[in-house]
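One letter stands for each residue in the lines below.
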Amino acid sequence: MAEQEIHKNLPSDLPDWPQQSVRAHKLEGDRYSSHEFAEQEWEHVWTKVWLLLGREDELPNPGDWQQEEVGRESILMVRQKDGSIKAFYNVCQHRGHRLVSDDKGHVRRFICPYHSWAWNPDGTLDFVQDPDDFPDGNPCGKLLLEEIACETFAGFIWINMDSDCVSLREYLGPVWGDWEVYGVENWKRYVAKTTVAPVNWKVVMDNFNESYHVNTVHRPKGAEVEKLRIHSGVDTSHTTSRFDMADEGHGRMIMLGGYAGPAIDKTGVVGEPLAGILREWDLDPADFTGRGEATREALQQARRKLGPGRGYDYFEKLNDSQLTDAYHYTLFPNFAVSLWVDGFHFLRARPHPTDPEKCLFDNWWYAPDPGGVTDAARTTAGLVERDAVVEHEIFEPGEASMGLTIDQDMSIFPAQQKGMRSRGYKGAYLAGQESRVSRLHALIDDYIAGRHS
Ligand code: FES
Ligand SMILES: [Fe+2]
């Protein structure tokens with residue numbers, strides 16, 4: 001079914017994004033394992049795009065810093081005296097030692113572990129041993145840490161290694177307007193998990209750029225492959241979902257939520273998790289027996305009426321669709337977000353420093369405070385943490401759970417990575433609802449060829 005036809009089935013209250021004509025892409029297997037291709041991606045993609053790397057509330061005071069790795073680089077983000085944040089390559093300009101190795105901390109000055117050069121949080125050099133021993137003059141007042149473009153949005157810290165980059169707002173295009181009404185900058189972290197996945201970063205991102213796998217990979221054990229039978233509480237059918245692609249390269253998929261289709265059984269009884277969501281908003285699931293299609297609108301009305309009084313002030317800024325539906329975003333190149341009315345669930349794949357068949361895979365969950373993670377959201381996401389601002393957990397694949405849904409996704413990845421190395425794999429044969437996968441790869445090619453500015 002063409003995407004234009006799909007859109008006919010959608011409610012008219014959804015905000016519009018522009019549409020794209022997508023070039024079909026073969027997703028040749030060596031894109032996922034070749035060192036040469038990974039090098040091209042590094043040169044033309046990773047060092048040219050805005051990347052979400054940090055969180056503002058991790059750096060409340062001047063001198064607070066956070067460090068994250070992307071590929072071979074480590075990026076240092078530091079709170080300044082004037083409240084702004086600067087980003088630097090985490091490298092001493094004496095002889096190249098990394099300045100910090102932890103994830104975060106606080107300094108008056110960064111003292112390099114090798115020869116103790118001392119760098120101020122603003123990147124100026126404050127002290128060196130034996131300053132009179134340098135034939136080219138005292139490096140203090142002369143050398144600076146190498147600064148990188150850095151902006152903040154939605155409470156996150158974004159960096160760009162390209163000194164000629166466009167502004168973050170321009171880069172994000174319509175994502176900016178979609179997100180800013182939620183006030184995600186005020187939300188707190190409930191999950192922060194990272195593992196090294198044994199797959200190329202695009203295996204992860206391809207998966208989050210399509211919903212075709214949802215009815216197989218995420219179906220309850222023993223269930224037939226049948227549409228609308230998963231536990232997510234949203235209607236996952238491609239015929240009622242909306243797929244958008246922004247000019248800037250980002251994707252959006254909207255699935256109807258608070259809609260009893262997926263949660264209703266043959267007797268017409270509204271089941272979990274939707275029943276729980278209804279109860280949380282003072283609605284009785286029994287009132288919807290046999291008319292599950294009415295739950296979406298009822299929930300929208302209940303949230304509109306009760307939300308602000310329960311601490312969800314931002315509900316007033318959301319349209320009806322945003323009050324119930326699942327908004328899935330994929331930001332080019334490596335960032336996927338499910339934005340729920342009360343949760344910002346992000347997945348991110350960062351390239352491995354040396355091995356194209358590995359990536360760093362992150363799973364974070366933010367939610368409004370004091371609203372917190374509701375029981376229904378907990379059911380959907382398989383969360384266990386009850387308290388906000390959890391510590392960052394880092395583990396080997398399989399050592400701990402990334403969360404039920406993500407574990408299901410990850411169970412697929414390694415065998416696909418291996419399969420795509422086969423001489424017998426001739427490239428992909430994609431469905432219409434996998435267009436955003438094609439688009440991701442077409443854009444990577446455009447960046448490599450210099451066709452995308
Ligand atoms: S490498 Fe940093 S002080 Fe020498
Ligand atoms: Fe999935």
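The shown structure was predicted, so the numbers you read here are calculated from the model rather than taken from an experiment.

Parameters at a glance
- Residues numbered from 1 in each chain as written.
- Chains lettered and ligands numbered in written order.
- Predicted model: local features only at pLDDT ≥ 70, side-chain atom pairs only at ≥ 80, totals over all residues.
- Heavy atoms only, no water.
- Helix = DSSP H or I, 4+ residues; strand = E, 2+ residues; numbered from the N terminus.
- Contact = heavy atoms within 4.5 Å.
- Areas by Shrake-Rupley, 256 points an atom, 1.4 Å probe, with all protein chains shown as cover.
- Buried < 20%, exposed > 50% of the residue type's maximum accessible area, 1.4 Å probe, protein only.
- Pairing = 2+ DSSP bridges.
- Polar contact = N/O pair within 3.5 Å; in protein donor to acceptor, adjacent residues only side chain to side chain.
- 1 Å grid on protein atoms, 1.4 Å probe; cavity = no way out; pocket = protein on both sides within 12 Å on 5 of 7 lines; lining within 4 Å.
- Points joined across faces, edges and corners; volume = space filled by probe spheres on them.
- Nonpolar A, V, L, I, M, F, W, Y, C, P; charged D, E, K, R; others polar.
- Domains from an automatic or database assignment.
- Core = buried A, V, L, I, M, F, W, Y, C linked by side-chain atoms within 4.5 Å.
- Axes fitted to C-alpha atoms, helices over the stretch in contact; angles between N-to-C directions.

## Digging into the overall build of the protein
Next, step 1: Scanning the protein from terminus to terminus reveals 12 helices and 18 strands.
Next, step 2: In the protein, the share of contacts with a sequence separation of at least 24, taken over all contacts with a separation of at least 6, comes to 65%.
Next, step 3: Only carbon and sulfur atoms are counted for the fraction: they give 48% of the accessible area of the protein, which is about 20,200 Å².

## A look at the pairing of strand 13 (residues 251–255)
Next, step 1: Counting buried residues in strand 13 gives 5 out of 5 residues, a clear majority hidden from the surface.
Next, step 2: Where burial is concerned, the two faces of strand 13 agree: the one with Gly-251, Met-253 and Met-255 and the one with Arg-252 and Ile-254 are both buried.
Next, step 3: With 4 bridges connecting them, strand 12 (residues 242–245) and strand 13 associate as antiparallel partners. Residue pairing for strand 13: Met-245 is matched across the bridge by Gly-251.

## So, the side chain of Ser-338
Next, step 1: Along the chain, the position of Ser-338 falls in strand 15 (residues 335–340).
Next, step 2: Classification of Ser-338 as buried rests on a relative accessible area of 12%.
Next, step 3: A distance of 2.7 Å separates a polar atom in the side chain of Ser-338 from a polar atom in the side chain of His-328.
Next, step 4: With near-sequence residues (within four places) excluded, Ser-338 lies in contact with Tyr-327, His-328, Gly-343, Phe-344 and His-345.

## Let's talk about the layout of surface pockets
Any empty space left between the atoms is revealed when a probe the size of a water molecule rolls over them.
Next, step 1: Each pocket or cavity is described by its volume, and for the second largest pocket that value is around 450 Å³.
Next, step 2: Of all the secondary structure elements, the ones that give two or more residues to the lining of the second largest pocket are strand 1 (50–55), strand 2 (64–70), strand 11 (188–197), strand 16 (343–351), strand 17 (359–367) and strand 18 (393–395).
Next, step 3: Taken together, the residues of the lining of the second largest pocket sort by class into 10 nonpolar, 7 polar and 10 charged.
Next, step 4: Split by domain, the lining of the second largest pocket shows at least three residues from each of two domains, domain 1 (3–49 + 175–257 + 325–449) and domain 2 (51–161).

## A short note on the nonpolar core
Next, step 1: Counting residues in hydrophobic clusters, the biggest one holds 92 residues, and the most contacted among them are Trp-158, Trp-179 and Phe-344.
Next, step 2: Top element by residues in this core is helix 12 (residues 435–449). It accounts for 6 residues.
Next, step 3: The two domains that each donate at least three residues to this core are domain 1 (3–49 + 175–257 + 325–449) and domain 2 (51–161).
Next, step 4: Filtering out sequence-adjacent residues up to four positions away, Trp-158 remains in contact with Trp-50, Leu-51, Leu-52, Ala-149, Cys-150, Glu-151, Thr-152, Phe-153, Leu-168, Leu-172, Trp-179 and Leu-331.

## Description of the sheet that holds strand 3 (residues 73–79)
Backbone-to-backbone hydrogen bonds pair the strands of a sheet. The strands run either parallel or antiparallel.
Next, step 1: Taking strand neighbours across the sheet as the criterion, the 7 strands line up as 1-10-9-4-3-2-5 in an open arrangement whose pairing is antiparallel. Both outer strands of the open sheet, strand 1 and strand 5 (104–106), are each paired with one neighbouring strand and no more. Here the strands of the sheet are splayed against their neighbours by 30° on average, with no regard to which way each runs.
Next, step 2: Bridge count between strand 3 and strand 4 (residues 85–89): 5 bridges; the pairing is antiparallel. Each residue of the ladder has a partner; that of Ile-75, found in strand 4, is Tyr-89.

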